[in-house]
Amino acid sequence: MDEAYDGLITDATIKGTAVSPQAGIFALGTASHSYVEFAVRSGMEERGFVSAIASLREPRTTMGGVNLVAGFRPELWRAVAGDSSPRGVEGFNHDVVGPGDYRMPAKQNDAVLWISGSEYDVVFDVARQAIAALEPLAQVADETSSWPYHHDRDLTGFIDGSENPSLIDAPEIALIPEGSPGAGGSILLLQKWTHDAAAWESQPIPAQEKVIGRTKVDSVELQDRPKDSHAARTDQDQFGKIFRRNMPFGTVTDHGTMFVGFSSEQRRLVAMLENMAGKADGMRDRLTYFARATTGSYYFVPSLQDLRRFASAGA
Ligand code: HEM
């Protein structure tokens with residue numbers, strides 16, 4: 001998961017582009033996270049909803065020093081923002097299906113706020129303020145709180161993020177390039193996975209390592225990595241690179257991984273999911289026998305400039 005990096009990142013940290021991404025995407029090292037997904041109330045205008053979310057961001061000081069990342073159902077953003085939306089990006093509108101009626105459910109919502117900070121109290125306060133501000137327009141459809149586990153491990157006990165790009169390379173991988181519609185924005189796949197801890201922990205460590213495709217203690221890639229291991233089924237040399245900000249979530253008895261993956265191209269994420277499900281070749285990722293996807297949404301996370309165009313005057 002997140003490498004050691006102390007706290008907040010500011011807009012100015014991401015250099016080399018005229019457009020600024022929402023900086024929280026790259027703000028590694030924050031210990032507390034909240035993901036709040038919203039459904040627009042029926043009869044409410046999508047433009048008013050986007051404007052309400054855009055207005056949450058300012059002024060930064062009222063947000064209590066937390067990172068706030070806002071994403072929208074791609075079709076909703078396109079309807080409101082037109083030219084500033086990337087071409088061909090779609091919501092998670094259909095289950096991803098594999099052999100034996102294996103399914104990753106489509107649970108697309110209208111928007112997500114990902115709030116992160118060093119302590120849960122500020123994250124909690126800001127999330128509640130945001131929900132209250134949006135309440136007339138949208139209701140909470142899903143909510144998840146996350147926290148790091150032994151620095152950078154997920155709740156399988158493995159290091160998660162070893163093959164992640166460095167912060168130097170991540171913007172190029174995660175952000176739509178300048179000159180393209182939606183420049184400075186990113187496509188986010190947010191997918192909650194509940195672990196079957198009992199089944200997982202009944203496996204000896206060498207068997208777990210074959211499932212992931214890496215060693216448990218220090219995350220070294222296995223020489224003879226099985227073809228159905230997780231790392232093989234999501235191999236970035238095959239599908240293209242993505243930037244992951246996965247976090248553990250849940251309680252002692254009911255927990256898992258919040259998959260949080262960013263890419264400049266949706267097809268990389270789609271192809272990885274389909275390959276995990278064994279859609280084309282019938283070979284399911286071994287990890288999917290120990291973890292079950294319970295949600296799945298794609299969101300477009302626009303650049304700060306594109307989002308701010310919708311902020312109400314005086315916000
Ligand atoms: C229960 C859910 C998941 C868990 C616990 C999990 C855990 C892991 C672990 C431990 C690794 C190896 C270390 C690393 O390189 O980070 C890994 C690699 C990776 N995972 Fe996942 N993952 C999950 C879901 C997903 C999903 C849904 C995707 C894509 C849509 C994905 C994409 C990747 C990628 C791209 C890699 C690196 C592959 C490579 O190029 O070597 N993971 N994951």
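Definitions and cut-offs
Residues numbered from 1 in each chain as written. Predicted model: local features only at pLDDT ≥ 70, side-chain atom pairs only at ≥ 80, totals over all residues. Near = placed C-beta within 6 Å. Helix = DSSP H or I, 4+ residues; strand = E, 2+ residues; numbered from the N terminus. Nonpolar A, V, L, I, M, F, W, Y, C, P; charged D, E, K, R; others polar. Buried ≥ 20, exposed ≤ 12 C-beta atoms within 10 Å, placed from the backbone. Pairing = 2+ DSSP bridges.

Draft legend 1. Highlighting the site of the ligand. For the ligand, the set of nearby residues contains 28 residues, the closest of which are E163, W193, T234, Q236 and A291. The set of elements that each furnish at least two residues to the shell around the ligand consists of strand 7 (186–195), helix 7 (230–233), strand 10 (255–263) and helix 9 (266–277). Among the residues making up the shell around the ligand, the classes are represented as 13 nonpolar, 10 polar and 5 charged.

Draft legend 2. Just the pairing of strand 7, in detail. The buried fraction of strand 7 is high, at 9 of 10 residues. The sheet contact formed by strand 7 and strand 12 (residues 297–301) spans 5 bridges and is antiparallel. Each bridged residue has a counterpart across the sheet, and for L189 the counterpart in strand 12 is Y298. Relative to strand 10, strand 7 is paired through 8 bridges, and the arrangement is antiparallel. Note on strand 10: the bridge partner recorded for K192 is M258. Relative to strand 11 (residues 291–293), strand 7 is paired through 3 bridges, and the arrangement is antiparallel. What sits directly across from W193, in strand 11, is A293.

Draft legend 3. Spatial organisation of the pairing of strand 9 (residues 247–250). Two strands pair when backbone bridges link them, and strand 9 and strand 10 are joined in this way by 4 bridges, in the antiparallel orientation. Within the sheet, the bridge partner assigned to P248 lies in strand 10 and is T257.

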